[in-house]
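Structural features, examined
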Amino acid sequence: MRGRECPGRNQAPAIRLEGDARIELQQGDNFTDPGATASDPEDGDISANIVITGSVDTSQKGTYVLKYNVV
């Protein structure tokens, strides 16, 4: 059933970034991931289940992408 909630079916979780989605740093700066939180109506806070992929190497110039996923 599209567009309707099905009884007994889990709803998709929501992820919220704690910081800006885009961060600009100078080469050599320290990077601290601002983090994210996740929740869903059935399980509440599931932030501990967030999986982050990607990395940031501030010794090298470039564009780096971190992806946050939770189920």
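Residues numbered from 1 in each chain as written. Predicted model: local features only at pLDDT ≥ 70, side-chain atom pairs only at ≥ 80, totals over all residues. Heavy atoms only, no water.

**What about the overall build of the chain?**
- Along the chain, the regular secondary structure elements total zero helices and five strands.
- Starting at the N terminus, the α and β elements of the chain follow one another as β-β-β-β-β.
- Counting only residues that meet the buried cut, the chain has 11% of its 71 residues in that class.
- Across the chain, every contact between residues at least 6 apart in sequence was considered, and the portion connecting residues at least 24 apart equals 37%.
- Carbon and sulfur atoms form 44% of the exposed surface of the chain, whose accessible area is close to 6,000 Å². (Helix = DSSP H or I, 4+ residues; strand = E, 2+ residues; numbered from the N terminus. Buried < 20%, exposed > 50% of the residue type's maximum accessible area, 1.4 Å probe, protein only. Contact = heavy atoms within 4.5 Å. Areas by Shrake-Rupley, 256 points an atom, 1.4 Å probe, with all protein chains shown as cover.)

**Re the nonpolar core**
- Listed in full, the five residues of the largest apolar core are Ala36, Ala38, Ile46, Ile50 and Val70.
- Contacts of Ile50, omitting those with residues within four sequence positions, involve Ala36, Thr37, Ala38, Tyr68, Asn69 and Val70. (Core = buried A, V, L, I, M, F, W, Y, C linked by side-chain atoms within 4.5 Å.)

**What about the pairing of strand β2 (residues 36–40)?**
- The side-chain alternation of β2 yields one buried face, formed by Ala36, Ala38 and Asp40, and one unburied face, formed by Thr37 and Ser39.
- Two strands pair when backbone bridges link them, and strand β1 (residues 14–17) and β2 are joined in this way by four bridges, in the antiparallel orientation. Its bridge partner lying in β2, Ala14 is registered against Ser39.
- Bridge count between β2 and strand β3 (residues 44–45): two bridges; the pairing is antiparallel. (Pairing = 2+ DSSP bridges.)

**Description of the environment of Ile23**
- Topologically, Ile23 is positioned in the loop between β1 and β2.
- Residues Ile23 and Asp33 lie ten residues apart in sequence; the distance between their C-alpha atoms is 9.7 Å.
- Setting aside anything within four residues of it in sequence, one finds Ile23 in contact with Phe31 and Pro34.

**Quick word on the sheet that holds β2**
- Overall, antiparallel pairing links the three strands, which are arranged β1-β2-β3 in an open sheet. Two strands in the sheet have a free side with no partner beyond their single neighbour: β1 and β3.

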